[in-house]
Structure formats: structure tokens, C-alpha cells
There are 2 protein chains.
Amino acid sequence: MGLIVQKFGGTSVATTERIRNVSSHVAREIRAGHQVIVVVSAMSGVTDSLVGYVRDVSLLDEVEAYADHDLVVSSGEQVTAGLLALRLRSMGIPARAWAGWQVPIWTTDAYGKARIEEIETDNIRKSLANGRVAVITGFQGMTREQRITTLGRGGSDTSAVAIAAAFGAERCDIYTDVDGVYTTDPRIVKNARKLDYVSYEEMLELASAGAKVLQTRSVEMAMNHHVRLQVRTSFSEEAGTILVKEEDLMEKQRVTGLAYSRDEARITLSNVDDRPGISAAIFGPLADANINVDMIVQNVTPDGKKTDVTFTVTKGDLALALSALEAHREKIGYQAIHQDANVAKLSAVGVGMRSHAGVAQEMFRTLAEKGINIIVITTSEIKISVLIEESYIELALRALHDAYGLHAVVEKG
Amino acid sequence: MGLIVQKFGGTSVATTERIRNVSSHVAREIRAGHQVIVVVSAMSGVTDSLVGYVRDVSLLDEVEAYADHDLVVSSGEQVTAGLLALRLRSMGIPARAWAGWQVPIWTTDAYGKARIEEIETDNIRKSLANGRVAVITGFQGMTREQRITTLGRGGSDTSAVAIAAAFGAERCDIYTDVDGVYTTDPRIVKNARKLDYVSYEEMLELASAGAKVLQTRSVEMAMNHHVRLQVRTSFSEEAGTILVKEEDLMEKQRVTGLAYSRDEARITLSNVDDRPGISAAIFGPLADANINVDMIVQNVTPDGKKTDVTFTVTKGDLALALSALEAHREKIGYQAIHQDANVAKLSAVGVGMRSHAGVAQEMFRTLAEKGINIIVITTSEIKISVLIEESYIELALRALHDAYGLHAVVEKG
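Treat the numbers as computed from the prediction; the structure is a model and nothing was measured.

J.: With reference to specific residues and values, describe the overall build of chain A.
T.: When helices and strands are tallied, chain A shows 13 helices and 18 strands. In summary, chain A has a C-alpha radius of gyration of 24 Å against a globular reference of 22 Å for 413 residues, a match within 12%. Over its C-alpha atoms, taken along the principal directions, chain A stretches across nearly 75 × 55 × 35 Å. Counting over 413 residues, chain A shows a buried share of 57%. Restricting to contacts in chain A with at least 6 residues of sequence separation, those with at least 24 account for 76%. Carbon together with sulfur atoms contributes 47% to the accessible area of chain A, which is approximately 16900 Å² in total. Computing the positive centroid from 44 side-chain charges and the negative centroid from 53, chain A places the two 5 Å apart.

J.: Help me get a handle on the pairing of strand E14 (residues 296-300) of chain A, residues and values and all.
T.: Each regular strand displays side chains that alternate between the two surfaces of the sheet. All names here are of chain A. Here E14 pairs with strand E15 (residues 306-313) via five bridges, running antiparallel. Within E15, the residue paired with Asn299 across the bridge is Asp308. Between E14 and E15, which pair antiparallel and follow one another directly, the connecting turn spans five residues, one of which, Gly304, has a positive phi of 75°.

J.: Got a sec to walk through the packing of aromatic side chains? Specific residues and values, please.
T.: Residues and elements named next belong to chain A. Following the criterion strictly, the structure yields five aromatic pairs over all chains and no others. Where Phe283 meets Phe311, the ring centres are 5.0 Å apart and the plane angle is 75°; that geometry is what we call edge-to-face. Of the two residues, Phe283 sits in helix H9 (residues 278-288) while Phe311 sits in strand E15, which places them 28 residues apart along the sequence. Like Phe283, the residue Phe311 is buried in the burial classification.

J.: How would you explain the side chain of Arg266 of chain A if you had to name every residue and give the values?
T.: All names here are of chain A. Along the chain, Arg266 falls in strand E13 (residues 257-273). Buried and unpaired, Arg266 has no salt bridge, with Asp340 as the nearest side chain of opposite charge at 4.0 Å. A polar contact is formed between the side chain of Arg266 and the side chain of Thr268, at a distance of 2.6 Å. Not counting residues up to four positions away in its chain, the partners in contact with Arg266 are Thr310, Phe311, Thr312, His338, Gln339, Asp340, Val343, Ile375 and Leu387.

J.: So what's going on with the sheet that holds strand E16 (residues 336-349) of chain A? Which residues, and what values?
T.: Adjacent strands of a sheet pair through backbone hydrogen bonds, lying either parallel or antiparallel. Residue and element names in this part refer to chain A. Strand order in this open sheet of six strands is E14-E15-E13-E16-E18-E17, and the pairing throughout is antiparallel. With partners counted over all chains shown, the strands left at the sheet margins are E14 and strand E17 (374-380), one partner each. Ignoring which end each strand starts from, the neighbouring axes of this sheet average 25° apart. Two strands pair when backbone bridges link them, and E13 and E16 are joined in this way by 11 bridges, in the antiparallel orientation. By the bridge assignment for E16, Thr268 is matched with His338. In the packing of helix H12 (residues 359-369) onto the sheet, contacts are made with E16, E17 and strand E18 (383-389), and the angle to E18 comes to roughly 15°.

J.: Before we move on, could you go through the relation of the copies chain A and chain B and cite the residues and values that matter?
T.: Overlay of chain A on chain B (RMSD 0.2 Å): rotation 179°, translation along the axis 0.1 Å. In short, the pair behaves as if placed about a two-fold rotation axis. Looking at the rotation axis and the C-alpha trace of chain A, the residue lying nearest is Ser75 of chain A, at 2.7 Å. Both copies present the same face, since 100% of the interface residues in chain A are matched by interface residues at the equivalent positions in chain B.

J.: Give me the lowdown on the environment of Arg147 of chain B, citing residues and values where you can.
T.: Inspection of the secondary structure assignment puts Arg147 of chain B in the loop between strand E7 (140-142) and strand E8 (148-150). Spatially, the C-alpha atoms of Arg147 of chain B and Ala287 of chain B are 31 Å apart, while their sequence positions differ by 140 residues. The contacts of Arg147 of chain B, once residues within four sequence positions are left out, are Arg96, Ala97 and Gln102 of chain A together with Ala67, Asp68, Tyr111, Gly141 and Met142 of chain B. Polar contacts involving the side chain of Arg147 of chain B include one to the side chain of Asp68 of chain B, which spans 3.3 Å.

J.: Describe the confidence of the model for chain A, naming the residues involved and giving the relevant values.
T.: Chain-level statistics for chain A give a pLDDT mean of 93 and a share of 99% at 70 or above. Here the predicted complex carries an ipTM of 0.85, next to a pTM of 0.86.

J.: An account of the packing of helix H4 (residues 75-90) of chain A against helix H4 (residues 75-90) of chain B is requested, with residue identities and associated values reported.
T.: Remark: H4 of chain A packs on H4 of chain B, axes separated minimally by 9 Å, with the N-to-C direction vectors making an angle of 180°. By the angle between their axes, H4 of chain A is roughly antiparallel relative to H4 of chain B. Touching Ser75, Gln78 and Val79 of chain A of H4 of chain A are Ser75, Gln78 and Val79 of chain B, all from H4 of chain B. In terms of residue class, the contact of H4 of chain A with H4 of chain B is made up of two nonpolar, four polar and no charged.

J.: Lay out the pattern of salt bridges with the relevant residues and their values.
T.: Oppositely charged side chains can form a pair if their charged atoms are brought close together. The final tally for this structure, using the stated rule, is 44 salt bridges over all chains. Arg28 of chain B is the salt-bridge partner of Glu29 of chain B, the closest N and O atoms lying 3.4 Å from each other. Look at Glu29 of chain B and you get buried, because its relative accessible area is 6%. Here Arg254 of chain B makes a salt bridge to Glu362 of chain B, at a shortest N to O gap of 3.3 Å. A residue pair is termed long-range when its members are at least 10 positions apart, and Arg254 of chain B in the loop between strand E12 (241-244) and strand E13 (257-273) and Glu362 of chain B in helix H12 (residues 359-369) qualify at 108 residues. Residue class for Arg254 of chain B comes out partly exposed when judged on its relative accessible area of 24%. Each of Arg28, Glu29, Arg171, Asp173, Arg232 and Glu237 of chain A takes part in a single network of salt bridges with overlapping partners.

J.: Go over unusual backbone geometry, please, and point to the residues and values.
T.: Here the residue pair Val103 of chain A and Pro104 of chain A is connected by a cis peptide bond, since its omega of -20° sits within 30 degrees of zero. Looking at the secondary structure, you find Pro104 of chain A in the loop between strand E3 (95-98) and strand E4 (105-107). For Gln146 of chain A, which is not glycine, the phi torsion reads 65° and is therefore positive. Relative to the elements of secondary structure, Gln146 of chain A occurs in the loop between strand E7 (140-142) and strand E8 (148-150). Residues other than glycine seldom take positive phi values, yet Asn290 of chain B does so here, at roughly 65°. Among the secondary structure elements, Asn290 of chain B is positioned in the loop between helix H9 (278-288) and strand E14 (296-300).

J.: Give a description of the domain arrangement of chain A that names residues and reports values.
T.: Interfaces are often sized by the amount of accessible area the parts lose when they come together. Taken domain by domain, chain A consists of domain 1 (3-177) and domain 2 (258-403). Each of domain 1 of chain A and domain 2 of chain A was reduced to a C-alpha centroid, and the two centroids are 39 Å apart.

J.: Account for helix H10 (residues 318-327) of chain B, with residues named and values stated.
T.: Residues and elements named next belong to chain B. Taken together, the buried positions of H10 are occupied by Leu318, Ala321, Leu322, Ala324 and Leu325. All buried residues of H10 project into a common sector of 160° when viewed along the axis, lining one side. Across H10 from its buried face, at more than 90 degrees, point the exposed residues Ala319 and Ala327.

J.: Outline the environment of Val359 of chain A, listing residues and values.
T.: Residues and elements named next belong to chain A. You can see Val359 is positioned in helix H12. Look at Val359 and you get buried, because its relative accessible area is 3%. Once the C-alpha coordinates of Val359 and Ala348 are considered, the two residues, 11 residues apart in sequence, prove to be 8.6 Å apart.

Definitions and cut-offs
- Residues numbered from 1 in each chain as written.
- Chains lettered and ligands numbered in written order.
- Predicted model: local features only at pLDDT ≥ 70, side-chain atom pairs only at ≥ 80, totals over all residues.
- Heavy atoms only, no water.
- Helix = DSSP H or I, 4+ residues; strand = E, 2+ residues; numbered from the N terminus.
- Rg over C-alpha atoms; globule rule 2.2 N^0.38 Å.
- Buried < 20%, exposed > 50% of the residue type's maximum accessible area, 1.4 Å probe, protein only.
- Contact = heavy atoms within 4.5 Å.
- Areas by Shrake-Rupley, 256 points an atom, 1.4 Å probe, with all protein chains shown as cover.
- Lys, Arg positive; Asp, Glu negative; His and termini not counted.
- Charge placed at Lys NZ, Arg CZ, Asp CG, Glu CD.
- Pairing = 2+ DSSP bridges.
- Phe/Tyr/Trp six-rings, centres within 6.5 Å; stacked < 30°, edge-to-face > 60°.
- Salt bridge = Lys/Arg side-chain N within 4 Å of Asp/Glu carboxyl O.
- Polar contact = N/O pair within 3.5 Å; in protein donor to acceptor, adjacent residues only side chain to side chain.
- Axes fitted to C-alpha atoms, helices over the stretch in contact; angles between N-to-C directions.
- Least-squares fit on C-alpha atoms with pLDDT ≥ 70 in both.
- pLDDT = per-residue confidence, 0-100.
- Parallel < 35°, antiparallel > 145°, perpendicular 65-115°, else oblique.
- Nonpolar A, V, L, I, M, F, W, Y, C, P; charged D, E, K, R; others polar.
- Domains from an automatic or database assignment.
- Arc of directions from axis to C-beta.

In C-alpha cells form, the structure reads like this:
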């Protein structure tokens, strides 16, 4: 039987009781005859406390760029890895814990946001061959100078996928606090349905559109290395959602899921000169201020000489963005700035859009029927996003979920 | 200027505020022109929590004998080392944290109670030469198989002394929650006096007699490697007590200090056959049950054929000791067991006893004057210990502190 990688997030190992629960998921795969590598996060809250300690003692700018920062914040996974290995052993399942540096997982020296360069597999392969479960600390690795590094937030998912890729695992199960990927947020749409399969591309679009199930980085890595990824929960035995290549989806849905983000604010610059270099003039200062810009639309005015430019930033960046634009008013040359923080983004995602027409039209009609005004529209090959007034977001999600028939079960994969 | 090792215990680094306080002690030595190696414990309470987690998840006997246990419980020092290094750096003092395995500090593979075999000094010497403070995790090291080990309780003191010895440090300052070694417990005897100097031998006897200032193991190591050890507090700038070789004491006190332990229980086996092998018959079963026996006295009866054997164990071991002795009643052959848990041990320690007579006599007379009965007496070359009824212990300490004139300041060293 093959090798399975199981990754348990912070909520799944939040207490010693939950660690005992996690051990039963490992035991199940062992009974099924698999070799198992487990990747663990820190107990939820622990890494935040450690980061809090760092802020308390240090006045350094970008303190996370120092190796000592990573030595501190990597300690949480060390605890859970050791505890789970001890738990498994006391259940009669041979196991040992591996800190990232013991594997070793080699990374760049970009402390606080290191990238994995290479995972050595010899030591762990030997241990697995001796019948031992390998419990590896997520989120961390080591530089060639033997300094501990961390991979940045959500890094444990990345660790798990990278390990699954390095070992050619049959499957990589990401255990989290939700039991899979849904057609949309079930807290808002009661008949939202758990998807059995979703393509990597769809998952990436859903994640960038606001779905918080998996880190974009780990999905990209799974896609690039053909890792069969499953999102599931440690709080039940139920299967979750499996991420597959688009060509492995039996039937491609026009729309697979609806994602949304309330963390949007709109800025419009009116009567900007429609000249070459105007986009650079607007977005350069925002990039310099480390502000991510999301949706961008530009309309020409009838005379073709002036244009209105609209874009969105996160609500938290709005004030900073406005002051950066004010500071460059002369250079950009706009008549007025309009802003609106009461907006939200709604996205429909589906690989079937490539071949099915009418998805956008159906969205526009459905929203119009409900009297919901569309402020901005952007599209990609498998996604349509609209910006609407924030107070309409639940209504819009429910209406579109019905319109696209997302509650109906379709077997695929 | 020379190299100083500073060791900060759990109470000295218990909070981020205290870590900031600790950094000022490091800064002071740097300003004085020293190179500094700092050894840190975990924040107080952290290691206990980690041990609690281990007990929660594992049903293994002697769980501390597993490598994964040490991976878990060693994480606390990693946090404080990183935090202190970051703190120092943000004060403009170049510093880096070193986990035991990064030094490396090589140890045996006796997990949970490993012994240091070798400390490599090359990496840290280079770092010190570059003007960096080295902040090293106490309590831990690594086996040749690259598994993390811990040294057992109080191991951070041992780490500090071993590091001071390996680097030939000018001095090793142990910062703790008391400001030095006192003539006796100042909570009981108001005019107890802080000692400027004490010999290693006296410190060892005081520690084994109940004084809880330093771990016996670290004092022995300091003595064997001629490490000049200072006990002081991180809560003030005051100098503490310096441990020196006996020959470096200018004036040798008859009595340097009084120690006591309430954690004593007496067992007497009466009418035991006075035959060869009787001690082995009594103490073998106790050793098998992992019970430490402290004071032992044996009296012959007038006819020379029977004897009474009295000894002490800790109060916590009393029940276990009694049942072990009951189980071997036949083999030992005693008439009755008598027990008394309301006893305490009081010890007078001083290297001057070697040359001054009358110390014991003065103790017996003083106790007699106060009407305090002596149950057991044991002596070593520089110590006299008596077992008395526990309720008299404060009275006895005060009377003897006066009788020996311990409140009077004597300059020495």
C-alpha cells in the first residue's frame, strides 16, 4: 500500500484531547496498510502568542526577518510533533517526531517567509521502512548555515504538500476545521453543498476570491507537482473534497462555487488624462506603499481624452491608499477621488466557463431581478467577479446559488 | 577583558518584561568590556506545562526516557533564547540565539537526564569574536544521532557551568530568585546574613542538606573544573555569593551556614538480627523501589546480637518504603517497624569544622537548653546533621544561628 501524508492544522491539535483524537485518524490509515507521514501545526493560538512575545521584547523593524524570530515561532510545532509521536507510541504504533531541521527540509534564508529548496528523504524513508510513522513539524525548515527558518503563515499546508511531492505520496490529506470545499459559504447559504472534487485551478480562483479553506501557495504547489490533495476535517471520519487536475474531472460544471470577500474598498479617480504611463503613475505609489490592488477597470470618456479609473483595495489599506494618491495628485493628474468602503466582491468560479457561454449573462440577470447594482465587473477565463454594495452580499449569494443550481448533486471525478 | 557566562533561571525570564530586565544585566557586562555568553531557562511554568501535556497524551511508563519527550520539553528554552537575542539586538547589542544542537552540546542518549559529553566551542568563539553575545538554550543538547536531549531538572545550571568550563570563562553568574547564599533561611531567621564567599564543598553540603539555591550537580561540576561561580539575583544590581575553592577562603568559619529540610520521615526497624548482609537486606528493596534513603544509624543492643536500624526517607516515599519493608519482612527479620513523619533535619556546615572542635558539642548544648530532643545524629567532615521534631525547627534554627554567631559579618575570600 502507498504512502499517505496527513496534515493537521492548529484547531485539530489545539488541546491534548484533540491530539488524542488526531491519533485515531493516523491509526485508521495504518490499519488500512498505509505508510504515514504526519505534518502538524502548532496548537492554535500558540504561534500568535509567540509572535506577541517577540513584539513585546523587540523594537526592531521587520523583526520577522531575523533568524532568532524563527527560532522562537517555530517552537510550537516542535511541541505538537513530539506529543503526537508519544501518543501514537503509547497506542502501540511506532512513531517518531522530526523537527524540520532533522529531516532536513532545506530552505532559503528569507526568515519569516522562507521557501523550501529541497527535502531530503533518506532518513525518513529508512524510518518508514522500519514501520514507524514520521511526525514532522510543519511551517519550518533550515538554511544551509543550520539556522531554523519558518515559511510564513499557512506554511504548514505548504510543508505537507512539499513533503507529499518529495515522497511521491499517494495522497495528501489536509485536516482542517471545515469538512471540505463547499459550493459557497454554508453559514450564508443553507443548502450549500460539499464538493467531492474540485480542480486545482478552481480552488486557486476560489481562494483568491475569498474562500479561506486552503492557502493559495500550497494549492499551486500541489498543482505543479501533481499531488492529490484532500481537504477534510479531523472532527469526523467523513471524506472531504479532493483536488484533481481539470482533465480528471468527469463533468465540468459551468459554475463550481461562489466565493465572496467583504474586505474590499473602492477608489475611483475621475477625469484622469488618458495618456501612456497613466497606470504606472497611479499604481506605482500604491505598490511602493505595499498596497495590494485587486479589481481594476478603466473607462474611456466619450471624447477619448479623459478616463475614469476604478480599483479596489482591502478596507484596511483604504486610508493609506488615499493618502498615497493625494501625495501624487500633481503627477497623476486627476480631478477627484471617490471612495466607497461599503462594497463586497462576489465571484463565480468554474472550469466549465471555458466551454459554456451565458454564465455572466445569468449573473447579471439574477442580480438585476433582485435590484442589486453592479459597480465593477472583472473576469478571468474561469471566473466572473462583481463588486456590489456590501449589504446585498447574502441576498446575492443565495440568489446566484439557486440560479446556477449549485445545491443539486452532480457526480463527477 | 575576559569572558563572562550569565545564566538566567525561569523566574528571571518569566515574562517579556523580565526578559527586558535581563537584557540590562547583559548590557552592563558588555559595557564593562566583557565578552558574554548567556544561558537561559524556559519561562517559569512553561516546562511544567509541557510535561503536563506529555502526561495527557501518553500512557507510557517512564515517558521521559523517549527522545520525543525531550523534543517537546526542550522547546521552552528555545523561546527565551530567541526572545533575549532579539531584545539585545533591538538595544543595539549584536546577539544571536543558539539552540543546544546548534552549538553543538553533545550529550549521552539518556533522554530526560542526559549528561554532557562535549561542548564544541568553534562556532561560538567565532561569533563572540565578531562582537556578538551568544544566547544559548540551557537544559539541553544533542546526541550523535542528532536527537535533542534534556539534562533533567535544574539542567540549565549544569549547562551554564559546563559552558563556562568549556570556554574557560572568567566567571559564571547564576541569576536566580534569591540574591545569594545565606547563613540560613532569612524567612525564618531575620538576621540571616548573605555570604560573600562560600566554598564549593560547603555549598554541596548545604545543597544536600536542603538549601535550594543551586543544583548539587552544577556545584560539583564547577568544583571539578574550577569555575568561579556566583549566585546572584536578576532583580537588583547587587553582587551575590561567590563560590570558591576552600583554599581561597581567607578565614575558614567553624560554621558557615545552617540548612534544613522538612521533607524527612523516620523509619526504625527494631530487633533486627545483627548479622552480615543485614544492611543489604534492608536497603536493597528500598533501592529497587527507587527510594532515596538519607540518614542511617544503627545501634547495637547490649547483648550484641540484635540491633535497631533507623533511617530517613522523604515524606512522599514513606508509604512506599513501609510497604516494601513489609513485603520483605521474612527476609529481613525484624520485630517491628516504627515510623514518624513529624521530623525535620537540621544541618550545620562549615569547612572550619576540620580544624575547630566543639561545633557538635555547641549544637547539642544549645538544643538541650531549648528542650529539643535529638532523634538521630549523622556527621561528615564538614557537616553535622540532627533529626528533630518538625515543630521545633524554627526555634532550633534561630537558637543555633545565635549560638554560632552567624549574624556577625566576617570579611573573607
